[in-house]
Amino acid sequence: SVLMRGSQGLALSLSGATFQGITSNRNIGKHAVVPRSATNLYSTTDDSQQELSAQERILQKTLGIEPETADQKAERLLKRQMALDAAKNEKKKNIALAVLAFFAAILNYGYQFTHPITSLTLLTEMQNNSADLTVIGNNGKPTVVDFWAPWCENCKSAAPTLAAIEGEYGSQVNFVMVNGDLGANWPIIERFGVDGIPHLAMVGSDGVVETALIGPIPRGVLRADLDTLLENSKIGNDGDGEGNIKKTLPYTMYDAFRSRPDMRKLNY
């Protein structure tokens, strides 16, 4: 606040607002406030200075801060509005994406609910993706030959485990599916000595049937046998020359070639 005394009275300036002419009125016995025309805190003949508020002129005078021009102010306000508009648009975009994702999840759930993936579906998909029998003993990879049938409940129970194993070892091991319900596959069934399903023939990379696992098999058992088959695939029948020889599978169950060992090696 700035307090100034004049010959006619007092002038009190508060935050740039000026009141002048507080005079004594002896006739009515009390003080009267007579407003006079407001004057700038700093008088100047510069038109640009006259457009400044008292606060702006104080900042300019004391701190040396130059007030922005009308063009600068318009540019600043424009940039601010553009930033606000961009933020609004981004918010709308994110909301739209969230809504789309929500409805996509609902549609996917609805499809899965109306089209459940059953064990029979898994077996059918694996059959469609099955390798041909001719890969056995010819591409340097071990092979799992799965004999199954659509009516076989144990085959359906084992389907999720076998599908997971195929997903894990698919690039290193051949997986061949044989539908025992098809008459065209009976010669293959007889060749492998299958007398019950599910029947998993574990075949080495050299085409020799090592064992057959019957019924639903735990994942850990399948992994252990496949890991051994993969290790053996790197070693020849007579060893690798460094003292390493082929290992026996850790889990064996049914030997379909015990009475006919000369048929153990497959050749397609």
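Because the structure is a prediction, the values reported are computed rather than measured. (Residues numbered from 1 in each chain as written. Predicted model: local features only at pLDDT ≥ 70, side-chain atom pairs only at ≥ 80, totals over all residues. Heavy atoms only, no water.)

1. A few points about empty space enclosed by the protein
Moving on, step 1. With the rule as written, the count across this model stands at 2 cavities of 30 Å³ or more.
Moving on, step 2. Within this model, the largest cavity holds a volume of roughly 90 Å³.
Moving on, step 3. Asp 146, Ala 158, Leu 162, Pro 198 and Leu 200 are the residues nearest the centre of the largest cavity, which is lined by 13 residues in total.
Moving on, step 4. Of all elements in the fold, only strand 5 (143–148) and helix 5 (153–169) reach the threshold of two or more residues within the lining of the largest cavity.
Moving on, step 5. Ranked by residues supplied to the lining of the largest cavity, first place goes to helix 5 with 5 residues.
Moving on, step 6. Forming the walls of the second largest cavity are Gly 204, Ser 205, Asp 206, Glu 210, Leu 229, Asn 232, Ser 233 and Lys 246.
Moving on, step 7. Residues that form the lining of the second largest cavity fall into these classes: 1 nonpolar, 4 polar and 3 charged. (1 Å grid on protein atoms, 1.4 Å probe; cavity = no way out; pocket = protein on both sides within 12 Å on 5 of 7 lines; lining within 4 Å. Points joined across faces, edges and corners; volume = space filled by probe spheres on them. Helix = DSSP H or I, 4+ residues; strand = E, 2+ residues; numbered from the N terminus. Nonpolar A, V, L, I, M, F, W, Y, C, P; charged D, E, K, R; others polar.)

2. Quick look at the sheet that holds strand 8 (residues 209–214)
Moving on, step 1. If you trace the 4 strands from one edge of the open sheet to the other, you get 6-5-7-8, paired in mixed fashion. Two strands lie at the open edges of the sheet, namely strand 6 (174–179) and strand 8, each paired on one side alone. With strand direction ignored, the average angle separating the axes of adjacent strands in the sheet is 20°.
Moving on, step 2. Of the pairings in the sheet, the one linking strand 5 to strand 6 comprises 6 bridges and is parallel in character. (Pairing = 2+ DSSP bridges. Axes fitted to C-alpha atoms, helices over the stretch in contact; angles between N-to-C directions.)

3. Re a nonpolar patch on the surface
Moving on, step 1. The grouping of Ile 95, Val 99, Phe 102, Phe 103 and Ile 106 at the surface amounts to a nonpolar patch, some 490 Å² of accessible area in total.
Moving on, step 2. Mapped onto the elements, Val 99 comes out in helix 3 (residues 70–114).
Moving on, step 3. Among the residues examined, Val 99 registers a relative accessible area of 38% and is labelled partly exposed. (Patch = residues over 30% accessible without salt bridge, like charges linked within 9 Å, V, L, I, M, F, W, Y side chains within 5 Å. Areas by Shrake-Rupley, 256 points an atom, 1.4 Å probe, with all protein chains shown as cover. Salt bridge = Lys/Arg side-chain N within 4 Å of Asp/Glu carboxyl O. Buried < 20%, exposed > 50% of the residue type's maximum accessible area, 1.4 Å probe, protein only.)

4. Considering the side chain of Arg 264
Moving on, step 1. For Arg 264, the location among the structural elements is in the segment after helix 7 (219–232).
Moving on, step 2. Those residues in contact with Arg 264 that sit more than four places away from it in its chain are Gly 207, Val 208, Val 209, Glu 210, Asp 255, Phe 257 and Arg 258. (Contact = heavy atoms within 4.5 Å.)

5. Let's talk about the confidence of the model for the protein
When pLDDT drops low, the exact placement of atoms in the prediction is not to be read closely.
Moving on, step 1. Here the protein averages 81 in pLDDT, and 76% of its residues register 70 or above.
Moving on, step 2. For the stretch residues 1–49, pLDDT sits under 50, and the model shows 51 contacts to residues farther than four places along the chain or on other chains. (pLDDT = per-residue confidence, 0-100.)

6. Things to note about the packing of aromatic side chains
Moving on, step 1. Counting across every chain of the model gives 2 aromatic pairs.
Moving on, step 2. Plain terms: the ring middles of Phe 102 and Phe 103 are 5.6 Å apart, the flat faces sit at 75° to each other, and that makes the pair edge-to-face. (Phe/Tyr/Trp six-rings, centres within 6.5 Å; stacked < 30°, edge-to-face > 60°.)

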